[in-house]
Amino acid sequence: MDQTPATITAPIPVRVSDSDDPAELLRFAIDAHGRGAAALATLVDIRGGAARTLGSHVVVAADGRFCGYVSGGCVEAAVASEALLAMTEGRDRTVKFGDGSPFFDIVLPCGGGISVAIHVLRDVGAVQHVLDRIGRRRAAGLAYSPERQTLEVIDPPPRACWLEGDFVGVYRPGTRVVLSGQTIEAQTVARLAAVAGYDVLIRGQGEEHRAAADSIDPFTAVVLLHHDLDAEIAILKTALRSPAFYIGALGSTRTHRRRVERLATLAFGQDEIDRIKAPIGMFGPTRDATSLALSVLADIAAARLVAHA
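Predicted model only: the values in this text are computed from it and were never measured. (Residues numbered from 1 in each chain as written. Predicted model: local features only at pLDDT ≥ 70, side-chain atom pairs only at ≥ 80, totals over all residues. Heavy atoms only, no water.)

1. A word on helix α2 (residues 76-89)
Our working definition: Comment: elements are numbered from the N terminus, with helices defined as DSSP H or I runs of at least four residues and strands as E runs of at least two. An expected span of 1.5 Å times one less than the residue number is assigned to each helix. Exposure categories follow from relative accessible area, calculated using a 1.4 Å probe and restricted to protein chains: below 20% of the type maximum is buried, above 50% is exposed, and the middle band is partly exposed.
Taking 1.5 Å of rise per residue, 14 residues should cover 20 Å, and α2 covers 20 Å from first to last C-alpha, within 8% of that figure. For α2, the full list of buried residues reads E76, V79, A80, E82, A83, L84, A86 and M87. One or two residues past the end of α2 sits G90, with phi positive at roughly 70°.

Written out as structure tokens, the structure reads:
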């Protein structure tokens, strides 16, 4: 009696999250690996335009669940299918999409092309180390070797890149907003910043200097929304001595001239004073709290891109 070999049916890729937060994606990878197997797909080359930056991920579980983005959403299911094949074979692969790709039926709307390196996770030690560093609000680097099919933790370069045959991804903590002010503007900024996924810390006018200083790291924006220069001076001095990537203060141009004069008498140099964005925000003047909050958050987002491109 003839026996036909059993046909192995690959799972159908199913998106389970719309998040593109790197920490969430890496946590998903660890969980999926613990449940069976997982693959980490990474955007390693861009030809022409692209919707995502180098180092962006799609993470795929062996049961077909996936999350993350390497494009605007047009190739992720195909990436997941390739990752499932890689897991079945137990071997890494690199796949091209768009310009220069063998998949003629998959076209990127931007007209460019991308290459995605798919790594079958053998262990999650390096991934966990990256998460641990992000949890301590430290940057981390992860080097992927296509030749050795390995991941290794390294010191992060300024941005994701190829380095001596390895692709190095860079992972940084999320944006923190240290907010000072008891105004309706401060309340609105805090609410919208939380919706945007920022870590929001509200600091009181009389808060101890050390507590405020410990909250501010290179991934922090300091937002001062007082209607009185006396109320902001303590936290402003702390901010100017910190590594914050953004310092913004409420007030008109005339108010800022008074602020500058006061800081000069306190022996702050011009380079330090020039760090202050005042009047605060990307656009203005605004006449309502919501418009101001949107202006401030847009300014913070733009400054973060410049500081940590």
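Back to the write-up after that little detour.
2. Observations regarding a nonpolar patch on the surface
Rules: Surface patches are defined over residues having more than 30% relative accessible area and no salt bridge, joining like charges when they lie within 9 Å and nonpolar side chains (Val, Leu, Ile, Met, Phe, Trp, Tyr) when within 5 Å. Working definition of accessibility: Shrake-Rupley area with a 1.4 Å probe, residue cover restricted to the visible protein chains. Put simply, a salt bridge is a Lys or Arg side-chain nitrogen that is within 4 Å of an Asp or Glu carboxyl oxygen.
A contiguous nonpolar patch, built from I12, V14 and V16 and spanning about 280 Å² of accessible area, is present on the exposed surface. Structurally, I12 can be placed in the segment before β1 (14-17). The class of I12 is exposed, set by a relative accessible area of 67%.

3. A word on unusual backbone geometry
Backbone torsion omega between A278 and P279 reads 0°, so that peptide bond is classified as cis. Among the structural elements, P279 can be located in the loop between β15 (276-277) and α9 (289-307). Despite not being glycine, E164 shows a phi value in the positive range, around 55°. Within the fold, E164 resides in the loop between β9 (161-163) and β10 (166-171). We note that A267 has phi near 75°; this positive angle belongs to a residue other than glycine. Its place among the elements puts A267 in the loop between α7 (253-265) and α8 (270-273).

4. Comments concerning the packing of aromatic side chains
Counted only if it meets this: Classification of ring pairs uses Phe, Tyr and Trp, with its six-membered ring standing for Trp, and accepts pairs whose centres are within 6.5 Å; under 30 degrees between planes counts as stacked, over 60 as edge-to-face, and the remaining range as tilted. Only when the NZ atom of a Lys or the CZ atom of an Arg is both within 6 Å of the ring centre and within 35 degrees of the ring normal do we say a charge sits over the ring.
Taken as a whole, this structure holds one aromatic pair when the rule is applied. Summarising the aromatic geometry, the rings of W162 and F167 are spaced 5.5 Å apart at their centres and angled 70° between planes, so their arrangement reads as edge-to-face. Overall, W162 belongs to the partly exposed group, its relative accessible area being 44%. Residue classification places F167 among the buried positions, given a relative accessible area of 3%. The ring of Y69 has R15 sitting right over it, with the charged end atom 4.0 Å from the ring centre.

5. Some thoughts on the confidence of the model for the protein chain
Here is the rule we go by: Known as pLDDT, the predictor's per-residue confidence is scaled from 0 to 100. What makes two residues a contact is simply this: any of their non-hydrogen atoms within 4.5 Å.
Looking at the protein chain, pLDDT values average 91 and 90% of them are 70 or higher. Every residue in residues 1-6 is under pLDDT 50, and counting partners more than four places away or in other chains gives zero contacts.

6. Some points on the environment of R35
For R35, the location among the structural elements is in helix α1 (residues 22-35). A residue is classified by how much of its surface remains accessible, and R35, at 64% relative accessible area, is exposed.

7. Some thoughts on the pattern of salt bridges
Any two side chains of opposite charge can pair, so long as their charged atoms come close to each other. In this structure the tally under the stated criterion is 14 salt bridges. A salt bridge links R47 to D45; the nearest nitrogen and oxygen atoms lie 3.0 Å apart. D45 sits in the partly exposed class, given a relative accessible area of 30%. Across the salt bridge formed by R176 and D199, the nearest N and O atoms sit 2.8 Å from each other. In this pair, R176 sits in strand β11 (residues 176-180) while D199 sits in strand β12 (residues 199-203), placing the two residues 23 residues apart along the sequence. Each of the salt bridges in this network shares a partner with another, and the network as a whole consists of E82, E89, R91 and R93.

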